[in-house]
Amino acid sequence: VLHHVLLTMPGSPWESRLRVDQISVNVDLFSLLFHRKPLENCFESLAFLRPQITLAKNEIVPVPSGPVSGNPVLPAPLKAPIPVFPVPKISIRDGSFWIQAEKTPREVLHGLNFDASTDNGATWGISLLAHSPEGNNQGTVQFIGSLHLEDLKVRGVVKLQQWPLASAGSTLKDTIGW
């Protein structure tokens, strides 16, 4: 168990920042000690308690190295700052999700509960339930589906109940390209 952890995963144009009260890791000690499996093959689950997850716009633009020629430089493909942990189960309890496109981060989800599991490391089953950050609104969002890491495609069903669509403002719209 780790307490009060700060973690930044660089990305372009977005980076992920996590501030977590508690992280718990479950390890299969029998396989580690007696079957002599590598540690990364013995992780069973990873749990985050009260994380504040921030997707922040990274203003640093990479400068191409090497000589400049007459050929145009094609931009590198965008890489999503999705952390990949070598565990088959991940859970988040009582988290929050923020987007920081400008100076001030804006909360998009709170009361975030998330479960993900995989058998092969490439396709994840996902379940998410979160609440609106607005104090006077009891809106909820629920997602049940899957994430395919090879092509970064998410498939599933989103259910919104009393969700204030306008509350996220232009930050969410700019982030997802509306």
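A quick note: this is a predicted structure, and the numbers were derived from the prediction, not measured.

Undergrad: What is the right way to read the overall build of the protein from this model?
TA: Broken down by element type, the protein carries 2 helices and 8 strands. Overall, the protein shows an N-to-C arrangement of helices and strands of β-β-α-β-β-β-β-β-β-α. Expressed as a percentage of its 178 residues, the buried residues of the protein come to 31%. Considering only residue pairs separated by 6 or more positions, the protein has 48% of its internal contacts joining residues 24 or more positions apart. If you sum the accessible surface of the protein, you get close to 12,100 Å²; carbon and sulfur atoms cover 58% of it.

Undergrad: Would you take a moment to explain unusual backbone geometry for this structure?
TA: A negative phi holds for most residues other than glycine; trans holds for most peptide bonds. The phi dihedral of Arg50 is positive, around 55 degrees, even though this residue is not glycine. A positive phi angle, close to 50 degrees, is found at Gln162, a residue other than glycine. Its location among the elements puts Gln162 in the loop between strand 8 (153–161) and helix 2 (169–176). Residue classification places Gln162 among the exposed positions, given a relative accessible area of 62%.

Undergrad: How should I be thinking about the pairing of strand 8 in this particular structure?
TA: Side-chain direction in a regular strand flips from residue to residue, so the side chains alternate between the two faces of the sheet. Little of strand 8 sits out of view: just 0 of its 9 residues are buried. Strand direction decides the pairing type here: strand 7 (residues 140–148) and strand 8, joined by 9 bridges, are antiparallel. Its bridge partner lying in strand 8, Gln142 is registered against Lys159. Here strand 7 folds back onto strand 8, and the loop between the two strands holds 4 residues, one of which, Leu152, carries a positive phi near 50 degrees.

Undergrad: Would you take a moment to explain the environment of Leu129 for this structure?
TA: Secondary-structure assignment places Leu129 in strand 6 (residues 123–131). With residues up to four places along the chain from it excluded, the contact list for Leu129 reads Gly111, Leu112, Asn113, Thr140, Val141 and Gln142.

Undergrad: Whenever I open this one, the environment of His110 confuses me. Can you help?
TA: Along the chain, the position of His110 falls in strand 5 (residues 106–118). When its relative accessible area of 31% is taken as the criterion, His110 is described as partly exposed. Taking the C-alpha atoms as reference, His110 lies 9.8 Å from Arg50; in sequence the two are 60 residues apart. If we ignore the near neighbours within four places in the chain, the residues touching His110 are Gly95, Ser96, Ala130, His131, Ser132 and Pro133.

Undergrad: Could you clarify how one ought to interpret the pairing of strand 1 (residues 2–9) in this entry?
TA: Where strand 1 lies against strand 2 (residues 14–27), 7 bridges are found, and the strand directions are antiparallel. Its bridge partner lying in strand 2, Met9 is registered against Ser16. Where strand 1 hands over to strand 2, the hairpin turn is made up of 4 residues, counted between the paired strands.

Undergrad: Got a minute to help me understand the nonpolar core in this structure?
TA: Soluble globular proteins: nonpolar side chains tend toward being buried together. Membership of the largest hydrophobic core comes to 27 residues, with the highest contact counts inside it found for Phe48, Leu109, Ile126 and Leu128. Counting only elements with at least two residues in this core, the list comes to strand 1, strand 2, strand 3 (43–57), strand 4 (89–100), strand 5, strand 6 and strand 7. Broken down by element, the residue count for this core peaks at 5 residues, all from strand 5. When neighbours within four sequence positions are excluded, Leu128 is seen to be in contact with Leu112, Asn113, Phe114, Val141, Gln142 and Phe143.

Undergrad: Please explain the confidence of the model for the protein as it appears in this structure.
TA: Caution is warranted with low-pLDDT regions, since their predicted coordinates should not be read in detail. Averaged over all residues, the pLDDT of the protein equals 82, while 78% of them reach at least 70. The least confident element of the protein is helix 2, whose mean pLDDT is 53; the most confident is strand 4, at 94.

Undergrad: Explain the sheet that holds strand 4 to me, please; I cannot follow it from the model alone.
TA: In sheet architecture, strand pairing relies on hydrogen bonds along the backbone and comes in two forms, parallel and antiparallel. Spatially, the 8 strands line up as an open sheet ordered 1-2-3-4-5-6-7-8, and their pairing is mixed. Edge strands, defined here as strands with exactly one partner in the open sheet, are strand 1 and strand 8. Each strand of the sheet is rotated relative to its neighbour by a mean of 20 degrees, with strand direction disregarded. In terms of strand pairing, strand 2 meets strand 3 through 13 bridges, oriented antiparallel.

How each quantity is defined
- Residues numbered from 1 in each chain as written.
- Predicted model: local features only at pLDDT ≥ 70, side-chain atom pairs only at ≥ 80, totals over all residues.
- Heavy atoms only, no water.
- Helix = DSSP H or I, 4+ residues; strand = E, 2+ residues; numbered from the N terminus.
- Buried < 20%, exposed > 50% of the residue type's maximum accessible area, 1.4 Å probe, protein only.
- Contact = heavy atoms within 4.5 Å.
- Areas by Shrake-Rupley, 256 points an atom, 1.4 Å probe, with all protein chains shown as cover.
- Pairing = 2+ DSSP bridges.
- Core = buried A, V, L, I, M, F, W, Y, C linked by side-chain atoms within 4.5 Å.
- pLDDT = per-residue confidence, 0-100.
- Axes fitted to C-alpha atoms, helices over the stretch in contact; angles between N-to-C directions.

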